[in-house]
Amino acid sequence: LAGDDLRATLKALVRFHAHFSEAARRPRSEEKWRCGGHWQPAYQNAEQFESGVEAAWPRLLDNFRDAFDASPATRDLNLEALGGRVQRAAVAAGREAHPFAHDDVTDVEEWRTLIHGDLKAANVLVKGGETVALLDFQYVGCGLAATDLAHFLTASVAGSELLRDGTLRDGELVDLYLAEYSAALGREIDCNAFKRQFDVAVVDKARFVFSYLWPRIDASPAELQRGADIWNRNSYNKDVKAATWLVARTSKALDAIS
């Protein structure tokens, strides 16, 4: 997604999150998953949180080395250490990004809403950059809007919207989301708290991509290019610029939350 289609979809996601932020508008417990999101820890194997990222990362880094060295967004980062940093943060980030999977949630109750849980581009229909339909609510459930937004930007957005001339541009999309969300709710929200939730969710998503999704396809620039026209592939599996953004943004997020 890019341009008007991207922004229209972002605004549709805002309306979805804002509508279900009110408890009276949420489905009954038997009509949804307790916690939304297919990549949440409860649905994944323990290896992702124990050793999977660190084990897979050296191979992935070798595959992407030339692309990362060529991008101003990644060339000066300590990429050799990134796998270990994500691994050490994985358990805490998973719990923080998906808090409603646990019984002892109190501090983020005000942020509870329904999340789509799998808003990849293949689950979006856009007409004329205005009319949007969101599809496939298999993983809908309670969650944080910031976690859903992080998955959406990671899985659905063209790399050219996220990374331009070596500069990370996702902040513009997050700010647009926040302005629309505040307007839809009719009140001010704590933007700093939301952005912290977003950073945590980026790290949590990186855990899933680096330990499971990329190793499955032995991800490399050549493999991503080969899949560029596969409709159902997520951005990080078909767009080298989106993959580069994810690595750079994960490093930035780890710096922010550490």
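Predicted model only: the values in this text are computed from it and were never measured.

**Focus on the overall build of the protein**
On a plain count of helices and strands, the protein comes out with nine helices and seven strands. Against the globule reference of 18 Å for 258 residues, the protein gives a C-alpha radius of gyration of 17 Å, in line with a compact fold. Summarising its shape, the C-alpha atoms of the protein cover approximately 50 × 45 × 30 Å along the three principal directions. Taken across its 258 residues, the protein has 53% of its residues classed as buried. Counting every atom, the protein has about 11,500 Å² of accessible surface; 47% of that belongs to carbon and sulfur. Separation of charge centres in the protein, based on 31 positive and 38 negative side chains, amounts to 2 Å.

**Observations concerning the pattern of salt bridges**
Where charged atoms from two side chains of opposite charge come close, those side chains can pair. Per the counting criterion, the structure on display carries 18 salt bridges. Note that arginine 112 and glutamate 109 form a salt bridge whose closest N and O atoms lie 2.8 Å from each other. With a relative accessible area of 18%, arginine 112 lands in the buried category. Accessibility expressed as a relative area gives 35% for glutamate 109, which makes it partly exposed. Across the pair arginine 233 and glutamate 223 runs a salt bridge, and its minimum N-O distance is 2.5 Å.

**Some thoughts on the layout of surface pockets**
Estimated volume of the largest pocket: approximately 330 Å³. If you trace the largest pocket, you find 14 residues lining it, with Leu213, Arg216, Asn234, Tyr236 and Asn237 closest to the centre. In the lining of the largest pocket, the residues fall into six nonpolar, four polar and four charged. Within this model, the second largest pocket holds a volume of roughly 230 Å³. Taken together, Arg95, Glu96, Pro99, His102, Asp104, Val105, Asp107, Val108, Trp111, Leu144, Arg196 and Gln197 form the lining of the second largest pocket.

**Quick look at the nonpolar core**
By size, the foremost hydrophobic cluster in this structure holds 73 residues, and its most contacted members are Leu149, Phe152, Phe194, Phe210 and Trp214. Elements that contribute at least two residues to this core include exactly helix H1 (3–19), helix H2 (47–70), helix H3 (82–97), strand E5 (141–144), helix H4 (145–156), helix H6 (170–185), helix H7 (191–217) and helix H9 (240–257). Here the element with the most residues in this core is H7; it accounts for twelve residues. The contacts of phenylalanine 210, once residues within four sequence positions are left out, are Val53, Ala56, Trp57, Leu60, Leu82, Val86, Pro215, Leu246, Val247 and Thr250.

**Structural notes on H6**
The end-to-end C-alpha separation of H6 is 22 Å, in line with the 22 Å expected for 16 residues at 1.5 Å each. Residues Asp170, Leu173, Val174, Tyr177, Leu178, Tyr181, Ser182 and Leu185 constitute the buried set of H6. Angularly, the buried residues of H6 cover 165 degrees about the axis, an arc narrow enough to put them on a single face. In this structure, the buried side of H6 is in contact with H1, H4, helix H5 (159–162), strand E7 (167–168), H7 and H9.

**Some thoughts on the sheet that holds E5**
Judged by pairing direction, the sheet is mixed, and its three strands sit side by side in the order E1-E5-E2 without closing on themselves. Edge strands, defined here as strands with exactly one partner in the open sheet, are strand E1 (33–35) and strand E2 (112–115). Adjacent strand axes in the sheet meet at a mean angle of 40 degrees, parallel and antiparallel pairs treated alike. Where E2 meets E5, four bridges bridge the pair, whose relative direction is antiparallel.

What counts, and where the lines are drawn
- Residues numbered from 1 in each chain as written.
- Predicted model: local features only at pLDDT ≥ 70, side-chain atom pairs only at ≥ 80, totals over all residues.
- Heavy atoms only, no water.
- Helix = DSSP H or I, 4+ residues; strand = E, 2+ residues; numbered from the N terminus.
- Rg over C-alpha atoms; globule rule 2.2 N^0.38 Å.
- Buried < 20%, exposed > 50% of the residue type's maximum accessible area, 1.4 Å probe, protein only.
- Areas by Shrake-Rupley, 256 points an atom, 1.4 Å probe, with all protein chains shown as cover.
- Lys, Arg positive; Asp, Glu negative; His and termini not counted.
- Charge placed at Lys NZ, Arg CZ, Asp CG, Glu CD.
- Salt bridge = Lys/Arg side-chain N within 4 Å of Asp/Glu carboxyl O.
- 1 Å grid on protein atoms, 1.4 Å probe; cavity = no way out; pocket = protein on both sides within 12 Å on 5 of 7 lines; lining within 4 Å.
- Points joined across faces, edges and corners; volume = space filled by probe spheres on them.
- Nonpolar A, V, L, I, M, F, W, Y, C, P; charged D, E, K, R; others polar.
- Core = buried A, V, L, I, M, F, W, Y, C linked by side-chain atoms within 4.5 Å.
- Contact = heavy atoms within 4.5 Å.
- Expected span 1.5 Å × (residues − 1).
- Arc of directions from axis to C-beta.
- Pairing = 2+ DSSP bridges.
- Axes fitted to C-alpha atoms, helices over the stretch in contact; angles between N-to-C directions.

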